[in-house]
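Here are the chains, one letter per residue:
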Amino acid sequence: MIVNLPRRLPYDYTLQFLSIINQNPNRIGSKSHLLICDAEDGLINSCSEKRYRIPIYDGVFPQSVSLRSSGNPIYIALEHELGPISTGRVFGDIELQFKLHASATHQAFYGLNVTHSVVVNNTGNGIQAQMIRDRTALWNVTVESNEGIGFYVKDGAADIWVNDTSLSHNWIDGMNVSYAGGSININGSRFIENRWRGFTFHQNMSLPFLPLRQEIIIKGRPSNNIFYPPTIFKGNFWGGIVIGNNCLPEIGHFYEPKVLINWVQFLQNHNHPAIDVFSCRDPQPAPMTLDITGNVFERNTEVTVRIQPAVNILGIINSNQFSYNNYSALLIKNSHHPQLKNLYADFTIAKNTFKFNKGPWIINIGLNEDAPNQKMIFNQQNEVTGNEVYNPFPFLKPRSTPYAALIVSSSNVIIDKNCFRNPQADYEIGTELMEHAKIIDARNNNWGYTKPDNFMHRIFDQFD
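Residues numbered from 1 in each chain as written. Predicted model: local features only at pLDDT ≥ 70, side-chain atom pairs only at ≥ 80, totals over all residues. Heavy atoms only, no water.

**Q** Would you mind showing me how to read the sheet that holds strand β8 (residues 94–103) here?
**A** Pairing is antiparallel in the open sheet, where three strands are placed in the order β6-β2-β8. Unpaired on one side and paired on the other, β6 (65–68) and β8 mark the two borders of the sheet. On average, each strand axis in the sheet is inclined to that of its neighbour by 25 degrees, with strand direction left out of account. Looking at chain direction, strand β2 (residues 12–22) and β6 are connected through four bridges and run antiparallel. Looking at the pairing, Asp12 lines up with Arg68 of β6. (Pairing = 2+ DSSP bridges. Helix = DSSP H or I, 4+ residues; strand = E, 2+ residues; numbered from the N terminus. Axes fitted to C-alpha atoms, helices over the stretch in contact; angles between N-to-C directions.)

Here it is in structure tokens:
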């Protein structure tokens, strides 16, 4: 099938699926895909540049597909592979029904588009979208003081945009998304003083929807751009952001999940972490990319960033500021989950500042011991200074659990080229290992003194 509209204008196309029937059972090993390509000039049934290759499963609806043409025709074709058990014929019928929307105004098709609106003081949820498969967008919307969730998305698979929007003072979450997946983009928005959380995502694969991507992108204002509106999570009573169990679906392993949180302000969130990430505990064909970069964390009252357990993740925590938080700053720990030692984990924690925080520890990091596919590096001038570390049991001397600015709980963590100076802590670094013979590489760090005699007693290891 070739879609050929007049060439003078570039068109935005949206493919909206209505019905999908694939009568080829999984046991025969056949595969069906819908191809969407740029067609080659003057050729019939020819694909010049492939845009999408969408797997087709019986009764499973992919999210709607949007693409922009450059004036060339669009080629749509059904591709079927017979599989290893075959008689040379297609076993069963394949039927697809879809709508094709075309626009010459640079606008894709939207299932819901709320713009320049005020949604306040309602007795239920502010905005609710269910079983979505088309683009959903909020732009310059005030969703406040509703007696439920500010913006609630339940079931489906679609891309979601929230731009320059206030989701604040709601009785439950500011924004709650529970669906199969898609791309969630939040830019320049405010999540302030919701009674539960600012933003929550939970993956729900129990319904027949197929996401074509799995992305959560939350971005604020870079320090060098004063004209861009900030993204703020402030004063939420159950924490800032919760990323639920983010697993790849059992069908359609053709994308890599991503969570990007960049240049966001997390201020005075209570009772739960400012960022709480729950990783997938099942074996995965591809890890989730987690990027927490350039954010400001100030005066939060719980563990500021918690990733526990940390598996199936390629993590980057870079250039963040942790200041004046009242109960520790960073927790990445797998030691309580020994059954996950065969899963993948790779973390880089670099160029962060941890100053003037308070807690029984400031940073607590570690993966599974003797895990062949797990590693972590804490390096490149992380500055851990001026923090207050207290012993919650002041009349008990710590034996196996130290109270230190940095606690390391596995030997596959490398501590390199960082700065430590915390006069209000008994220990700068402490080890929490099950096997005392293990070695943690913590060379080439600045411990605040030039002579070892002045700081060796501030290191808690197997000799204490």
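**Q** Honestly, the pattern of salt bridges in this entry has me stumped. Any pointers?
**A** Tallied over the full model, the rule gives 16 salt bridges. In this structure, Arg197 engages Asp173 in a salt bridge whose closest nitrogen and oxygen atoms are separated by 3.2 Å. With Arg197 in the loop between β17 (190–192) and β18 (199–203) and Asp173 in the loop between β14 (166–168) and β15 (175–179), this pair connects stretches of sequence that are 24 residues apart. Each member of the pair Arg197 and Asp173 is classed as buried. For the salt bridge of Glu432 with Lys333, the shortest nitrogen-to-oxygen distance reads 3.1 Å. (Salt bridge = Lys/Arg side-chain N within 4 Å of Asp/Glu carboxyl O. Buried < 20%, exposed > 50% of the residue type's maximum accessible area, 1.4 Å probe, protein only.)

**Q** Is there a simple way to think about the side chain of Asp291 in this case?
**A** By secondary structure assignment, the location of Asp291 is in strand β26 (residues 288–293). A polar contact of 2.3 Å, which involves the side chain of Asp291, links it to the side chain of Thr293. Other than its neighbours up to four places away in sequence, Asp291 contacts Val259, Leu260, Ile261, Asn262 and Ile316. (Polar contact = N/O pair within 3.5 Å; in protein donor to acceptor, adjacent residues only side chain to side chain. Contact = heavy atoms within 4.5 Å.)

**Q** Honestly, unusual backbone geometry in this entry has me stumped. Any pointers?
**A** As a rule of thumb, non-glycine residues mostly have phi less than zero, and peptide bonds are mostly trans rather than cis. Along the chain, Gln308 connects to Pro309 via a cis peptide bond; the corresponding omega equals -5 degrees. By the element assignment, Pro309 lies in the loop between β28 (305–307) and β29 (313–318). The backbone phi angle of Tyr324 is positive, close to 60 degrees, even though this residue is not glycine. With respect to the secondary-structure elements, Tyr324 resides in the loop between β30 (321–323) and β31 (330–333). Since its relative accessible area comes to 36%, Tyr324 is described here as partly exposed.

**Q** What is the right way to read the packing of aromatic side chains from this model?
**A** Each aromatic ring pair is specified by the distance between its two centres and by the angle formed by the two planes. One pass over the full model with this rule turns up 14 aromatic pairs. Ring geometry for Phe297 against Phe322: centres 4.7 Å apart, planes inclined by 10 degrees, an arrangement best described as stacked. Of this pair, Phe297 sits in strand β27 (residues 296–298) while Phe322 sits in strand β30; the two residues are 25 residues apart in sequence, bridging distant segments of the chain. Of the two residues, Phe297 and Phe322, both sit in the buried class. For the ring pair Phe420 and Trp447, a centre distance of 4.6 Å and an interplane angle of 15 degrees mean the geometry is stacked. Here Trp447 lies in the loop between β42 (427–431) and β43 (459–460) and Phe420 lies in strand β41 (residues 419–421), a separation of 27 residues in the sequence. The exposure class assigned to Trp447 is buried, which follows from its relative accessible area of 9%. These aromatic residues form a ring-pair network of at least three members: Phe191, Phe233, Phe266, Phe297, Phe322, Phe354 and Phe378. Positioned above the aromatic ring of Phe61 is the side chain of Arg133, whose terminal nitrogen or guanidinium carbon lies 4.7 Å from the ring centre. Lying over the aromatic face of Tyr110, Arg135 brings its terminal NZ or CZ to 6.0 Å of the ring centre. (Phe/Tyr/Trp six-rings, centres within 6.5 Å; stacked < 30°, edge-to-face > 60°. Lys NZ or Arg CZ within 6 Å of the ring centre and 35° of its normal.)

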